[in-house]
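Each chain is listed here by its residues.
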Amino acid sequence: CEARYDAFMLLAEALPDDEPMPLRWEHANSRAAISILYGSAMDHFRIGDLEMCMAQLELLLDIDPEDHFESINLLALCYVAYEEWESFDDLALDLSDKSAEAVVAKLWASQRRDGKVDRATLAILRRSHVAYYDELRMTEHPADDNFKRDIASERPSQRALAREWWLMTEPLWQEYSDFVEALRAN
């Protein structure tokens, strides 16, 4: 984590402050820089430093406008957590209902803003992303041998992908448990 953060600092110093400088994914060193930045953002997300995570993800989207890691979805969750509604609204235009993570971000935003879960967005989650809906409502999320085999396979199941996402975002849902409780109540 420290090595990734040190590399991020070097990268941030090397990039111009006044304008975005997209890097080419096809270039090995650029791809490595993008990967390191994403890894460092994930490190900060996992330890609950959402402010640093947001800053890193915003920089990541500047240097990787094609968003190879789909970091927009994680950034959306950070904006919702910090109630950065203007930033979230700008980003929401690019959140696709084809992505379970994006649907969850929109659903959580509706719950945080309005105090209730948006029925139309909930219907999309239930219909199109059942594994994520189920995972959010479960009380236990074991990372057992079956899960490990499935997620390591060439084609992991949707259930395994949803479990992996849950395990990655679990600190967020522990802090904001009212969202999970609202889903369970529905």
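Up top is the structure these notes are about.
Residues numbered from 1 in each chain as written. Predicted model: local features only at pLDDT ≥ 70, side-chain atom pairs only at ≥ 80, totals over all residues. Heavy atoms only, no water.

Caption draft 1: Examining the packing of aromatic side chains more closely. The tally for this structure, following the rule as stated, stands at 10 aromatic pairs. Arranged with centres 5.5 Å apart and planes meeting at 55°, the rings of Tyr132 and Trp165 form a pair that is tilted. Here Tyr132 is found in helix 8 (residues 130-137), whereas its partner Trp165 is found in helix 10 (residues 158-175), with 33 residues between them in sequence. With respect to class, Tyr132 is no different from Trp165; both count as buried. Judged by centre distance (6.1 Å) and plane angle (50°), the rings of Trp165 and Trp173 are tilted. (Phe/Tyr/Trp six-rings, centres within 6.5 Å; stacked < 30°, edge-to-face > 60°. Helix = DSSP H or I, 4+ residues; strand = E, 2+ residues; numbered from the N terminus. Buried < 20%, exposed > 50% of the residue type's maximum accessible area, 1.4 Å probe, protein only.)

Caption draft 2: Representation of the packing of helix 4 (residues 71-81) against helix 6 (residues 100-114) within the structure. Helix 6 packs onto helix 4 with a crossing angle of 10° between their chain directions and a minimal axis gap of 9 Å. For the element pair helix 4 / helix 6, the angle class is roughly parallel. Counting all contacts with helix 4, which are made through Asn73, Ala76, Leu77, Val80 and Ala81, the residues of helix 6 involved are Glu101, Ala102, Ala105, Trp108, Ala109 and Arg112. Its residues assigned to classes, the contact of helix 4 with helix 6 shows 8 nonpolar, 1 polar and 2 charged. (Axes fitted to C-alpha atoms, helices over the stretch in contact; angles between N-to-C directions. Parallel < 35°, antiparallel > 145°, perpendicular 65-115°, else oblique. Contact = heavy atoms within 4.5 Å. Nonpolar A, V, L, I, M, F, W, Y, C, P; charged D, E, K, R; others polar.)

Caption draft 3: Structural view of the layout of surface pockets. For the largest pocket, the calculated volume is near 340 Å³. Contributing to the lining of the largest pocket are 16 residues, with Glu70, Glu101, Tyr132, Trp165 and Met168 lying nearest its centre. Of all the secondary-structure elements, those providing two or more residues to the lining of the largest pocket are helix 4, helix 6 and helix 10. The dominant element in the lining of the largest pocket, judged by the number of residues it contributes, is helix 10, at 6 residues. (1 Å grid on protein atoms, 1.4 Å probe; cavity = no way out; pocket = protein on both sides within 12 Å on 5 of 7 lines; lining within 4 Å. Points joined across faces, edges and corners; volume = space filled by probe spheres on them.)

Caption draft 4: Here's a closer look at the nonpolar core. In terms of nonpolar packing, the biggest core is built from 58 residues, with Ile63, Trp108, Leu136, Leu172 and Trp173 touching the most fellow members. Here the element with the most residues in this core is helix 4; it accounts for 9 residues. Residues within four places of Ile63 in sequence aside, it is in contact with Leu11, Leu15, Met21, Pro22, Leu23, Ile34 and Leu37. (Core = buried A, V, L, I, M, F, W, Y, C linked by side-chain atoms within 4.5 Å.)

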